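Letter by letter, the chains look like this.
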Amino acid sequence: MVKEKTRRFCLSRGAAGKRCLKSMEKMWAGRFQKTLDQTADDFNSSIRFDCRMYAQDIKGSMAHAAMLSKQGILSQAETDKIIDGLESILKDIESGALAFDMQAEDIHMFIEAELTKRIGDAGKRLHTARSRNDQVAVDIRLYLRDEAEEIISLVKEAIEAIVGQAERNAETIAPGYTHLQRAQPISFGHHLLAYAMMLLRDIGRIQDAKKRMNFSPLGSCALAGTTYPTDRAFTAQKLGFNGAMQNSIDGVSDRDFCVELLSAFSLLMTHLSRLSEEIVLWSSWEFKFIELDDSYTTGSSIMPQKKNPDMAELIRGKTGRVYGDLIALLTTLKGLPLAYNKDMQEDKEAIFDAIDTVKMCLKVLAPMLETMTVLKANTYRAAQKGFINATDLADYLTKKGMPFRSAYKIVGQIVAECIEKDLVLDNFPLAEYQKHSDLFENDLYGEISLETCVNKRNSFGGASAKSVLAQIEWVKEELKK
Ligand code: ARG
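Residues numbered from 1 in each chain as written. Predicted model: local features only at pLDDT ≥ 70, side-chain atom pairs only at ≥ 80, totals over all residues. Heavy atoms only, no water.

Draft legend 1. Region of interest: the site of the ligand. Taken together, Ser-46, Asp-50, Asp-106, His-108, Arg-132, Asn-133, Val-136, Tyr-340, Gln-345 and Lys-348 are the residues near the ligand. Here Ser-46 contributes a side-chain N or O atom positioned 3.1 Å from a nitrogen atom of the ligand. Contact between the ligand and Asp-106: a nitrogen atom at 3.1 Å from a side-chain N or O atom of the residue. If one sorts the elements of the shell around the ligand by residue count, helix 8 (residues 132-168) sits on top with three residues. In the shell around the ligand, the residues fall into two nonpolar, four polar and four charged. (Near = heavy atom within 4 Å. Polar contact = N/O pair within 3.5 Å; in protein donor to acceptor, adjacent residues only side chain to side chain. Helix = DSSP H or I, 4+ residues; strand = E, 2+ residues; numbered from the N terminus. Nonpolar A, V, L, I, M, F, W, Y, C, P; charged D, E, K, R; others polar.)

Have a look at this one:
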């Protein structure tokens, strides 16, 4: 909660672009005769967006300081001062007592400068055997590790909402579609569960990306490692990584883990977008399969009757943003020589935007799904039209010995006759049926009833209520893993 508040503060400050008259002196000013031009300084600075990694930056610095001390590179007394100083900075940022200085070049410089302000010379020793290049690489990994976990739990909430609706609608008969044409009758719960399966795989993809990401670049330094006797395995372990990255250049110069996560998020958004599109369709007067809860719909400024599915439309719309973030980062990386280049600072806005967008979408989608009402009478009525039991009628003949292709042809002719006479298969007279084949008997009507059509679809993964309940059990088990 506090974290959220601080974040908002730092972002709004950034947007306001408030600037001091006298630019803060750069840590690297020694080599220069002139100060950096103000516009160039603003252009270069990343604190307005990387300030959200303050906790990870502090955590990384603490592990680094502990390692320097263990290796005898820093004295115990200096290390204690550094750790205390970093703890007090963390506390003050979280309480709001310390505001980010938008004149700082980035979050790393800000925290280091603040530390030195608080504890003096010991603060200046923290950056021994480290560079901002490995520092930022470790910060972003730590940050994404946490965010990925949060996104996974939000996806789980969306899956639970889908499962809840599927449970309530296992027996709800609806038309299933291909080409957006009524195709075969299904349980509405079955349709919904298809999305649960997609989202489960999305979780798998995020977890998979996380596994590869969870190695520590800390100690790679600028690009070439260091002459100090560092212990990279120690910092890796302290920070919860599965080990230290093997190659220092790779450690500071790849952002493949961001791309992997963005790809997983893009695909997740594809799934949310398709579901959203169906929600938009289903809530139209043309379908009226569902009614969204008032709290997830909006009205029109001019048309008093309107109840618009804005949330679903926005999820569909924001999908493009996340794709854009993925393409932006891929494009940023494609021409970069090794090792670090400032272009890489662009990774953060892309991945942060995707994270914020995905989280917002999931947070609104889950309760919207949970609170929507499925209009069972309407889905049933829709299933009665469109000859969606025609396959079952062909199967009826096939089960009586006729080859499927012949049965298919006869049923096609019967459908054409029904259309001509404004009838459906269910009220086409038996005598008429028998003109096409003497295999037709009175039992055909039971065989092509919607209930039979759905509930006999008991093949593994099929559309029956029984299958839906089995799928729900499976999804619930997967969610526990
Ligand atoms: N703000 C920079 C980034 O996000 C931190 C690393 C800067 N390193 C450097 N050598 N200038 O990429």
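Now that the structure is up, let's keep going.
Draft legend 2. A look at the side chain of Thr-235. Mapped onto the elements of the fold, Thr-235 is located in helix 10 (residues 232-238). Sequence-distant contacts of Thr-235, that is, excluding residues within four places in its chain, are made with Ala-63, His-64, Met-67 and Leu-218. (Contact = heavy atoms within 4.5 Å.)

Draft legend 3. Summary view of the packing of helix 8 against helix 14 (residues 346-371). Relative orientation of the contacting elements helix 8 and helix 14 amounts to 20 degrees, with a least axis distance of 9 Å. Classified by the angle their axes make, helix 8 and helix 14 are roughly parallel. Along this stretch, helix 8 crosses helix 14, giving a crossing that reads as left-handed. Taken together, the residues of the contact of helix 8 with helix 14 break down into 18 nonpolar, one polar and nine charged. (Axes fitted to C-alpha atoms, helices over the stretch in contact; angles between N-to-C directions. Parallel < 35°, antiparallel > 145°, perpendicular 65-115°, else oblique. Left-handed = near helix turned anticlockwise from the far one by under 90°.)

Draft legend 4. Examining the packing of aromatic side chains more closely. Under the counting rule described, the total for this entry stands at twelve aromatic pairs. Their ring planes at 10 degrees and their centres at 6.0 Å tell us that Tyr-396 and Phe-440 sit as a pair that is stacked. With a gap of 44 residues between them, Tyr-396 in helix 16 (residues 390-399) and Phe-440 in the loop between helix 18 (430-436) and helix 19 (444-447) connect regions that are remote in the sequence. In this pair, the class of Tyr-396 matches that of Phe-440, namely buried. On the basis of an interplanar angle of 85 degrees and a centroid distance of 5.0 Å, the ring pair of Phe-428 and Tyr-433 is categorised as edge-to-face. What makes Phe-428 buried here is its relative accessible area of 0%. (Phe/Tyr/Trp six-rings, centres within 6.5 Å; stacked < 30°, edge-to-face > 60°. Buried < 20%, exposed > 50% of the residue type's maximum accessible area, 1.4 Å probe, protein only.)

Draft legend 5. Just the confidence of the model for the protein, in detail. Per-chain confidence: the protein averages 93 in pLDDT, with 95% of residues scoring 70 or above. This stretch, residues 1-23, has a pLDDT under 50; its non-local contacts, to residues over four places away or in other chains, come to 34 contacts. (pLDDT = per-residue confidence, 0-100.)

Draft legend 6. Layout of the side chain of Ser-276. By the element assignment, Ser-276 lies in helix 12 (residues 256-282). Judged by relative accessible area, which is 0%, Ser-276 ranks as buried.

Draft legend 7. Highlighting the nonpolar core. With 78 residues, the main nonpolar core has Leu-144, Ile-159, Phe-265 and Ile-351 as its most contacted residues. Those elements giving two or more residues to this core turn out to be helix 8, helix 9 (188-213), helix 12, helix 13 (310-334), helix 14 and helix 21 (465-480). Here this core gets 15 residues from one element, more than from any other, and that element is helix 8. Excluding its chain neighbours within four sequence positions, the residues that come into contact with Ile-159 are Ala-196, Leu-199, Leu-200, Ile-203, Val-475 and Leu-479. (Core = buried A, V, L, I, M, F, W, Y, C linked by side-chain atoms within 4.5 Å.)

Draft legend 8. Structural view of the pairing of strand 2 (residues 181-187). Where strand 1 (residues 173-178) lies against strand 2, six bridges are found, and the strand directions are antiparallel. When the sheet's bridge partners are listed, Pro-175 is paired in strand 2 with Pro-185. Remark: two residues form the turn of the hairpin made by strand 1 and strand 2, two consecutive strands paired antiparallel; His-179 in that turn has positive phi of roughly 55 degrees. (Pairing = 2+ DSSP bridges.)

Draft legend 9. Seen up close, helix 16. Those residues of helix 16 that sit buried are Ala-390, Asp-392, Leu-393, Ala-394, Tyr-396 and Leu-397. The secondary structure elements touched by the buried residues of helix 16 are strand 2, helix 17 (404-421), helix 18, helix 19 and helix 20 (450-455). In the segment just after helix 16, Gly-401 is the residue with positive phi, at about 115 degrees.

Draft legend 10. How the structure looks around helix 5 (residues 76-95). Taking 1.5 Å as the rise per residue, helix 5 with 20 residues should run 28 Å; its terminal C-alpha atoms sit 28 Å apart, in good agreement. Residues of helix 5 that are buried include every one of Glu-78, Thr-79, Ile-82, Ile-83, Gly-85, Leu-86, Ile-89, Asp-92 and Ile-93, and no others. Two residues or fewer after helix 5 comes Gly-96, characterised by a positive phi angle close to 90 degrees. (Expected span 1.5 Å × (residues − 1).)

Draft legend 11. Region of the structure containing the packing of helix 5 against helix 6 (residues 107-119). Where helix 5 contacts helix 6, the two axes come as close as 9 Å, and the packing angle between them is 115 degrees. Note on packing geometry: the crossing formed by helix 5 with helix 6 is right-handed. Here helix 5 contributes Lys-81, Ile-82, Gly-85, Leu-86, Ser-88, Ile-89, Asp-92 and Ile-93 to the contact with helix 6, which in turn contributes Phe-110, Ile-111, Glu-114, Leu-115, Arg-118 and Ile-119. In terms of residue class, the contact of helix 5 with helix 6 is made up of eight nonpolar, two polar and four charged.

Draft legend 12. Region of interest: unusual backbone geometry. Each neighbour pair has its own omega, and for Leu-338 with Ala-339 the value is 0 degrees, a cis peptide bond. The backbone of Cys-221 shows a phi angle near 60 degrees, a positive value even though the residue is not glycine. With respect to the helices, strands and loops of the structure, Cys-221 is situated in the loop between helix 9 and helix 10. A positive phi angle, close to 50 degrees, is found at Lys-288, a residue other than glycine. Along the chain, Lys-288 falls in the loop between helix 12 and strand 3 (290-291).

Draft legend 13. Inspection of the pattern of salt bridges at higher detail. The tally for this structure, following the rule as stated, stands at 34 salt bridges. As a salt-bridge pair, Lys-211 and Asp-208 come within 3.9 Å of each other at their nearest N and O atoms. With Lys-211 and Asp-208 both in helix 9 and three residues apart, the pair spans about one turn of that helix. Notably, a salt bridge pairs Lys-400 with Asp-443, separated by 3.7 Å at the nearest N-O pair. Separated by 43 residues along the polypeptide, Lys-400 in the loop between helix 16 and helix 17 and Asp-443 in the loop between helix 18 and helix 19 bring together distant segments of the chain. Looking at Lys-400, the relative accessible area reads 29%, which means it is partly exposed. One continuous salt-bridge network, built from bridges that share partners, spans Asp-92, Glu-114, Lys-117 and Arg-118. (Salt bridge = Lys/Arg side-chain N within 4 Å of Asp/Glu carboxyl O.)

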